[in-house]
Each structure stands twice: as structure tokens, then as C-alpha cells.
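# Geometric and topological summary
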Amino acid sequence: QVQLVESGGGLVQPGGSLRLSCAASGSIFSIYGMGWYRQAPGKQRELVATITSGGSTNYADSVKGRFTISRDNAKNTVYLQMNSLKPEDTAVYYCNADLKIAIGIETMRRDYWGQGTQVTVSS
């Protein structure tokens, strides 16, 4: 079994900062990539940032220059440092992991999602 556990959400004033963490655990053989997505009320889930196993990153235009994604490979953990937060960043943030998992003597590639963490930017 594989679990993604997120933490770090909360309420912050405009211009403030938050750091999200997502730790993957379980029968993980390797990690292809991890990322963060968000979903605001009444809107579709959208990509925020992704990072590959090699460290290549990709960001939504709306967060470039404000958010930074990083990984600790030894801990199977991905972080999202969010600075200069705006009210429009308010959403539930979901961690995603593209994994090679071990099932018995075999491996397979699967996609996993965390439970989501609320980020609210408001004065």
C-alpha cells in the first residue's frame, strides 16, 4: 500500500507565505515525479507545479516567481514553498505522485493522490 500525507496548509494574509509538504510511504520502488495541484470552489483541478526524478520543474504561469517546488529524495517528500500569496491562491492543494510500486516480485507504474490540504489567503 502507498500513502501520500500532506501537511502545511492554513490561513494566511495576502503577501504571506506557507510551505506545504507531502510524504510518500509504502511499497515504493522508485518515484518518476511528484507535483502539486489545486482546486478552488467551483473550478476544475489545475496543475500548480511538478518536479521530475531528475529535478526538472514545471510551474503554472500564475505561480511562477512566487512558488518553488523541491524534493527530498531520501525522504520521498515533495515541498511547495509559496510566497507572496494572493487571495486567488485560495484552494485545496493536492499532492500527486507518479510511482513505480512493488507488488510481490513485480513492479508497476501507478498514480497516487493525497487527501488535500486547505490553503486560504484572506485578510
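About the criteria used
Residues numbered from 1 in each chain as written. Predicted model: local features only at pLDDT ≥ 70, side-chain atom pairs only at ≥ 80, totals over all residues. Heavy atoms only, no water. Helix = DSSP H or I, 4+ residues; strand = E, 2+ residues; numbered from the N terminus. Buried < 20%, exposed > 50% of the residue type's maximum accessible area, 1.4 Å probe, protein only. Salt bridge = Lys/Arg side-chain N within 4 Å of Asp/Glu carboxyl O. Disulfide = S-S within 2.5 Å.

## Quick notes on the side chain of Arg66
Within the element layout of this structure, Arg66 appears in the loop between β6 (57-59) and β7 (67-72). The exposure class of Arg66 is buried, given its relative accessible area of 10%.

## A closer look at the pattern of salt bridges
For the structure on display, the rule yields five salt bridges. Three or more residues are tied together by salt bridges with common partners; here these are Arg38, Glu46, Arg66 and Asp89.

## Overview of the state of the cysteines
One pass over the full model with this rule turns up one disulfide. Covalent S-S linkage joins Cys22 and Cys95, the inter-sulfur distance amounting to 2.1 Å. Residues Cys22 and Cys95 are joined by a disulfide whose S-S torsion is about -80 degrees; by sign, that bridge is left-handed. With Cys22 in strand β3 (residues 18-26) and Cys95 in strand β9 (residues 91-103), this pair connects stretches of sequence that are 73 residues apart. Summarising the burial analysis for this pair, Cys22 and Cys95 share the class buried.

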